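Overview (structure and organization)
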Amino acid sequence: QVQLVESGGGLVQPGGSLRLSCAASGSIFSIDAMGWYRQAPGKQRELVATITENGSTNYLDSAKGRFTISRDNAKNTGYLQMNSLKPEDTAVYYCNVVVETTMGSPRYVYWGQGTQVTVSS
């Protein structure tokens, strides 16, 4: 079993910054990919950013140039640095990891509990 603990959400004014963290623990051999998703009220969950084990990244168009995803493989922790935040970034942000629990095992997907990000003046 794998546990994810997210932190770093909160209330910030437009133009401000937040850094989200996602710490994974438990039965982890390797983390293939880490990602951040978000879900605003009344909307579907959408992919914000992903990062592979070798550091390749992918971003939602509206996040490009403002958000940066990164990971610390030694700590099994992922980060999402969010700058120039806008009110439309307001949502619950969820961490997602694809984990190999033992060498050669199938990959499993785990989700964090979500952290609220509110951008408002």
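The structure this text deals with has already been given above.
The notes below deal with the structure included here.

What follows covers the state of the cysteines. Counted by the stated rule, this structure contains one disulfide. Disulfide partner of Cys 22: Cys 95, at an S-S distance of 2.0 Å. Sign of the S-S torsion, about -75° for the bond between Cys 22 and Cys 95, identifies this disulfide as left-handed. With a gap of 73 residues between them, Cys 22 in strand 3 (residues 18-26) and Cys 95 in strand 9 (residues 91-100) connect regions that are remote in the sequence.

Locating Glu 53 in the fold gives a position in the loop between strand 5 (46-52) and strand 6 (57-59). When sequence neighbours within four positions are dropped, the list of residues in contact with Glu 53 reads Ser 30, Ile 31, Asp 32, Arg 71 and Asn 73.

A separate point is the pattern of salt bridges. By the definition in use, this model includes six salt bridges. For Arg 107, the salt bridge identified is with Asp 32, shortest N-O distance 2.5 Å. With Arg 107 in strand 10 (residues 107-111) and Asp 32 in strand 4 (residues 30-39), the pair connects residues that are 75 residues apart, well separated along the chain. For Arg 107, a relative accessible area of 43% translates into the label partly exposed. The closest approach of N and O atoms between Asp 89 and Arg 38, which form a salt bridge, is 3.0 Å.

Overall, antiparallel pairing links the four strands, which are arranged 1-3-8-7 in an open sheet. Each having just a single partner strand, strand 1 (2-7) and strand 7 (67-72) make up the two edges of the open sheet. Sheet twist, expressed as the average angle between the axes of neighbouring strands with direction ignored, equals 15°. Sheet topology places strand 3 next to strand 8 (residues 77-82); six bridges connect them, and they run antiparallel. Among the inter-strand pairings, Arg 19 is bridged to a residue of strand 8, identified as Gln 81.

Cut-offs and rules
Residues numbered from 1 in each chain as written. Predicted model: local features only at pLDDT ≥ 70, side-chain atom pairs only at ≥ 80, totals over all residues. Heavy atoms only, no water. Disulfide = S-S within 2.5 Å. Helix = DSSP H or I, 4+ residues; strand = E, 2+ residues; numbered from the N terminus. Contact = heavy atoms within 4.5 Å. Salt bridge = Lys/Arg side-chain N within 4 Å of Asp/Glu carboxyl O. Buried < 20%, exposed > 50% of the residue type's maximum accessible area, 1.4 Å probe, protein only. Pairing = 2+ DSSP bridges. Axes fitted to C-alpha atoms, helices over the stretch in contact; angles between N-to-C directions.

Any functional reading would require information beyond the geometric quantities listed.
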